[in-house]
Amino acid sequence: MSLPARDTPRPFQPAVTQRDVKAEVAHCVGGVLSPLLANIALSALDDHFARQWHQEMGTSGQRAKRKAKGLGTWRLIRYCDDFVLMVTGGRRHAEALREEVSAVIAPLGLRLAPEKTRVVRIDEGFTFLGFDIRRLRKRGTSKQYVYTTPSRKAIQAIKDKVSAKTYRSTRHQDLDELIRSLNRSLAGWANYFRHGVSKAVFSAIDSHTWLRLMRWIRRKYEGKHRLGMKELRNRFCDKGWRFAWNGAVFTGASSVTVKRYRYRGSNIATPWTPTPAAALTSS
């Protein structure tokens, strides 16, 4: 590789006004700057609905008056360019809010994506940030609760990742290296979803991974005869059917403890809270 000399003239860089700004901004979509740009642009949406909440719906008395007049109440939950408006009211209130959001973001050069924008009841459920959020009846009772579970898309994504790591083209690597790689991927995925109703999902993911790993081991270490299940257990498992090799032990997603978030209402510490509850309790 040859390097240019110090006195070699550099390519001419046009001024910012001469560049294709739209193309450069579009190139940031999906990159590391995309969340930052979304936060900067959609802060106007936060301000709009925060102002509404504090002026018209901030107290229980204000919300009761609105309900008596047939008006709805709502709050905005946003993460980068994904947001949900939780509405207490009828479908007409939600449809009106769709138009209101469009009007707020239109001056910013933004618009809602029709294929991603829906009005649904909480009993129908929706997907937000990889979680399926839906109100269901608890088994064995008549009570209803809102459940947050990993979405089908998120589950399939981690299964595909496990399948790629245990594909036949990866049999050149050592078993302990593969086990450590799977543990890292599954633990990282499970840590994100550990605050939902995820225990059964974690077990299902581990079962899928164990089967893929079992087939991978049998194909890699088979000799003249196919590796039997009894020999597989004696050679590659330590406790029961848990795979272990050269100090690496398969732990999977189930090693991550599921810990549900407790409802804290408006006491959640945020940068916009004058006196965060977390700061008060730690002092």
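The structure under discussion appears in the preceding block.
Reading the values: rules and limits
Residues numbered from 1 in each chain as written. Predicted model: local features only at pLDDT ≥ 70, side-chain atom pairs only at ≥ 80, totals over all residues. Heavy atoms only, no water. Helix = DSSP H or I, 4+ residues; strand = E, 2+ residues; numbered from the N terminus. Contact = heavy atoms within 4.5 Å. Areas by Shrake-Rupley, 256 points an atom, 1.4 Å probe, with all protein chains shown as cover. Pairing = 2+ DSSP bridges. Axes fitted to C-alpha atoms, helices over the stretch in contact; angles between N-to-C directions.

With that out of the way, let us pick up the overall build of the protein chain. Counting its secondary structure elements, the protein chain contains nine helices and seven strands. If you take every contact in the protein chain between residues at least 6 apart in sequence, the share linking residues at least 24 apart comes to 51%. Split by element, the accessible area of the protein chain, about 20300 Å² in all, is 54% carbon and sulfur.

Time to look at the sheet that holds strand 3 (residues 126-128). Across the sheet, which stays open at both edges, the three strands sit in the order 3-4-5 with antiparallel pairing between neighbours. Here the strands that pair on one side only, and so sit at the sheet edges, are strand 3 and strand 5 (144-150). Direction aside, neighbouring strands of the sheet carry axes that sit 35° apart on average. With seven bridges connecting them, strand 4 (residues 131-137) and strand 5 associate as antiparallel partners. Bridge assignment links D132 to a residue of strand 5, and that residue is T149.

A separate point is unusual backbone geometry. At C80, a residue that is not glycine, the phi angle is positive and equals roughly 55°. With respect to the secondary-structure elements, C80 resides in the loop between strand 1 (73-79) and strand 2 (82-88). One non-glycine residue with positive phi stands out, namely L129, at about 55°.

By themselves, these figures tell us nothing about what the structure is for.
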